Amino acid sequence: MKNTGKKSIIGDGTWAALIPFVLITSCFALWGFANDITNPMVKAFSKIFRMSVTEGALVQVAFYGGYFAMAFPAAMFIRKYSYKAGVMLGLGLYALGAFLFFPAKLTGSYYPFLLAYFILTCGLSFLETSSNPYILSMGDEATATRRLNLAQAFNPIGSLLGMYVAMNFIQNRLHPMDTAERAMLSGEEFAAVRDSDLETLIAPYLVIGLVTVGVLLLIRFTRMPRNNDQSHSINLMPTLRRIFALPRYREGVLAQFFYVGAQIMCWTFIIQYGTRLFMSQGMEEQAAEVLSQQYNIVAMGIFCVSRFVCTFLLRYLNPGLLLRTLAIVAGVFTIGAIFLQNVYGMYCLVGISACMSLMFPTIYGIALQGLGDDAKFGAAGLIMAILGGSVLPPVQASIIDMQTVLGMPAVNVSFLLPFICFVVVTVYGHRAYRCGWS
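Conventions used here
Residues numbered from 1 in each chain as written. Predicted model: local features only at pLDDT ≥ 70, side-chain atom pairs only at ≥ 80, totals over all residues. Heavy atoms only, no water. Helix = DSSP H or I, 4+ residues; strand = E, 2+ residues; numbered from the N terminus. Buried < 20%, exposed > 50% of the residue type's maximum accessible area, 1.4 Å probe, protein only. Contact = heavy atoms within 4.5 Å. Areas by Shrake-Rupley, 256 points an atom, 1.4 Å probe, with all protein chains shown as cover. Patch = residues over 30% accessible without salt bridge, like charges linked within 9 Å, V, L, I, M, F, W, Y side chains within 5 Å. Salt bridge = Lys/Arg side-chain N within 4 Å of Asp/Glu carboxyl O. Polar contact = N/O pair within 3.5 Å; in protein donor to acceptor, adjacent residues only side chain to side chain. Axes fitted to C-alpha atoms, helices over the stretch in contact; angles between N-to-C directions. Parallel < 35°, antiparallel > 145°, perpendicular 65-115°, else oblique. Left-handed = near helix turned anticlockwise from the far one by under 90°. Phe/Tyr/Trp six-rings, centres within 6.5 Å; stacked < 30°, edge-to-face > 60°. Lys NZ or Arg CZ within 6 Å of the ring centre and 35° of its normal. Core = buried A, V, L, I, M, F, W, Y, C linked by side-chain atoms within 4.5 Å. pLDDT = per-residue confidence, 0-100.

A.B. asks: How do you make sense of the overall build of the protein chain when you look at a structure like this?
C.D. replies: A tally of regular secondary structure across the protein chain gives 22 helices and two strands. Dimensions of the protein chain along its principal axes, counting C-alpha atoms only, are 70 × 45 × 45 Å. The buried share among the 438 residues of the protein chain stands at 59%. Taking all contacts inside the protein chain whose residues are at least 6 apart in sequence as the whole, residues at least 24 apart take part in 84%. Entry remark: accessible area of the protein chain is about 16800 Å², with carbon and sulfur atoms responsible for 67%.

A.B. asks: Can you help me understand a nonpolar patch on the surface in this one?
C.D. replies: Among the surface-exposed residues, Phe99, Leu210, Val213, Leu217 and Phe221 lie close enough to one another that they form a single nonpolar patch of about 500 Å² accessible area. At three residues, helix H11 (residues 187-220) tops the list of elements feeding residues into the nonpolar patch. As for its placement among the helices and strands, Leu210 is situated in helix H11. Residue classification places Leu210 among the exposed residues on the basis of a relative accessible area of 58%.

A.B. asks: Explain the environment of Ser280 here, please?
C.D. replies: Tracing the backbone shows Ser280 in the loop between helix H14 (270-279) and helix H15 (285-313). Here the alpha-carbon distance between Ser280 and Val61, two residues 219 residues apart in the chain, equals 30 Å. From its side chain, Ser280 meets the backbone oxygen of Leu277 in a polar contact 2.4 Å long.

A.B. asks: When you look at the side chain of Ser390 in this model, what are you seeing that I'm missing?
C.D. replies: With respect to the helices and strands, the residue Ser390 is situated in helix H20 (residues 388-400). Among the polar contacts made by the side chain of Ser390, one reaches the main-chain carbonyl oxygen of Val61 at a distance of 3.1 Å. Residues in contact with Ser390, not counting those within four places in the same chain, are Gln60, Val61, Tyr64 and Gly65.

A.B. asks: Hey, could you run me through the pattern of salt bridges in this one?
C.D. replies: Summed over all chains, the structure comprises eight salt bridges. The salt bridge partner of Arg242 is Asp374, with a shortest N-O separation of 2.9 Å. Pair noted here: Arg242 is in helix H12 (residues 236-244) and Asp374 is in the loop between helix H18 (359-368) and helix H19 (375-384), with a separation of 132 residues, a long-range link. Residue Arg242 is classed as partly exposed on the basis of its relative accessible area, which comes to 44%. Of the charged contacts, one joins Arg431 and Glu251 as a salt bridge, the two residues approaching to 2.7 Å between their closest N and O atoms. Of this pair, Arg431 sits in helix H22 (residues 416-434) while Glu251 sits in helix H13 (residues 247-268), and the two are 180 residues apart along the sequence. For Arg431, a relative accessible area of 29% translates into the label partly exposed. Connected through salt bridges with shared partners, the residues Lys43, Lys47, Glu285 and Glu289 form a single ionic network.

A.B. asks: Explanation requested: the packing of H13 against H22 in the structure shown.
C.D. replies: Two elements in contact, H13 and H22, have axes separated by 8 Å at closest approach and are oriented at 150°. The pairing of H13 with H22 is recorded here as roughly antiparallel in orientation. Here H13 runs over H22; the crossing is left-handed. Mapping the contact onto sequence places Pro247, Arg248, Glu251, Gly252, Ala255, Phe258, Tyr259, Ala262, Met265 and Cys266 in H13 and Leu417, Pro418, Cys421, Phe422, Val424, Val425, Tyr428 and Arg431 in H22.

A.B. asks: Can you help me understand the packing of aromatic side chains in this one?
C.D. replies: To describe a pair of aromatic rings, you give the distance between the ring centres and the angle between the ring planes. In the structure shown here, the tally under the stated rule is 30 aromatic pairs. Pairing Phe45 with Phe113 gives two aromatic rings, centres 5.3 Å apart and planes at 55°, and the pair type is tilted. With a gap of 68 residues between them, Phe45 in helix H2 (residues 41-48) and Phe113 in helix H7 (residues 111-137) connect regions that are remote in the sequence. When sorted by exposure, Phe45 lands in the same class as Phe113, which is buried. With centroids separated by 5.6 Å and ring planes inclined at 15°, the aromatic side chains of Tyr64 and Tyr67 adopt a geometry described as stacked. Here the residue Tyr64 and the residue Tyr67 both occupy positions in helix H4 (residues 58-80), the gap between them amounting to three residues, near one helical turn. With relative accessibility at 2%, the residue Tyr64 sits in the buried group. Note on Tyr67: relative accessible area 1%, which makes it buried. Through a chain of ring-to-ring contacts, the aromatic side chains of Phe45, Phe49, Phe63, Tyr64, Tyr67, Phe101, Tyr110, Tyr111, Phe113, Tyr117 and Tyr205 assemble into a single cluster. The lysine or arginine in question, Lys80, covers the ring of Tyr81, its NZ or CZ lying 5.8 Å from the ring centre.

A.B. asks: I'm lost on the nonpolar core in this one. Help?
C.D. replies: For soluble globular proteins, the rule of thumb is that nonpolar side chains tend to be buried together. Counting residues in each nonpolar core, the largest one holds 142 residues, and the members touching the most others are Phe45 and Met359. Sort the elements by how many residues they give to this core and H13 lands first, with 11 residues. Other than its neighbours up to four places away in sequence, Phe45 contacts Arg50, Met51, Val59, Tyr110, Phe113, Tyr117, Leu198 and Leu201.

A.B. asks: Before we go on, may I ask you to explain the confidence of the model for the protein chain in this structure?
C.D. replies: Low-confidence regions, as indicated by low pLDDT, have predicted coordinates that should not be scrutinised in detail. Averaged over every residue, the pLDDT of the protein chain is 88; residues scoring 70 or more account for 95%. Segment residues 1-5 is flagged for pLDDT under 50; beyond a separation of four residues in sequence, or across chains, it makes one contact in the model.

A.B. asks: Is there a simple way to explain unusual backbone geometry in this structure?
C.D. replies: Comment: phi is negative for the bulk of residues other than glycine, and the bulk of peptide bonds are trans. Positive phi, normally seen in glycine, also occurs at Arg50, with a value near 55°. Positive phi, normally seen in glycine, also occurs at Gln403, with a value near 70°. Relative accessible area serves as the criterion here: at 58%, Gln403 is assigned to the exposed category.

This is the structure we're talking about:
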């Protein structure tokens, strides 16, 4: 390849560097699919099993709890072996969790599904702990944040597909009976409707399990670079003391916790937000849910486009400055979602996604900058911060279950939690810019 004098964003710019980058980037799309086929399942499981929103939100507790539980074991595994080994084990657990939806369906019970989600996301924890720093290592450190933003741009493509599948192959195909009608069914009638709905719900998970096995085999038989895989000693506590002594890393973990919480809350409870809004306008419950999911897909489309735009802007703007600016705008949109009780509130909720697109990879890149081989454990701390997606949504769900707060719809008021999260991200972006971390 002709040398233009410019550093390639991906390794040395050759096909040998590009193919591994493409394969690892495909994993970003896979976990995006898992994340965003799952968000609408809070509402779906609540309906199928006749549960409250808070009980349905246990899906997110199990889902993001797996990230938390497996992050440091994943880091130790990667440190001992390699990034490639971590990616392969992650894909294997992902597929196993997806296939466990079949025996969970046979039980006709809610809790086996939570176990399947937990195992699936143990795999996602391995995948993210491996893939994010692996992408950072695939080239010059000066272009690392841009490289991760580029790879992360394929995450919302998977997310869009997950949302599309959730809407067209699950939500649209569930029994049209609404929540109130289901509550009046006899035990035998309820079991028949529940089993039919579960049959519909599990099919996409079984298909994605097969796709994941296919990607696993491709990576297994492809020669992959061993960037920053020189050290295989596991010195956990000294490494943790080193990295948590760095303010940009320590504060980055905190910012990531609140960012992920905000993201999951905005993408999960847009269904409840829209359902309340559109039912108040006379729409049937199932139609309101599907329309809300269509808005969610639009939000993800905007998120996807915005990530490519932000990756371009990072060539010219400081990452911390751009992070701070977008977090402020996200906070303004969130205020609109709280106080506007009409379709403009929904527009504001959709607009938040344009601002969120930059946040995860940029916080990640700033926090891990200059960590070298310590990035394996540093990545684990940032993946553990995904626990925000497990802790904060049930709190928001408990507010939504109150129906009305201070004379306002509780679902509107509940978005005060994402607003607080964006304040934290704003502070981190400001610190990164002013302190020269980015």
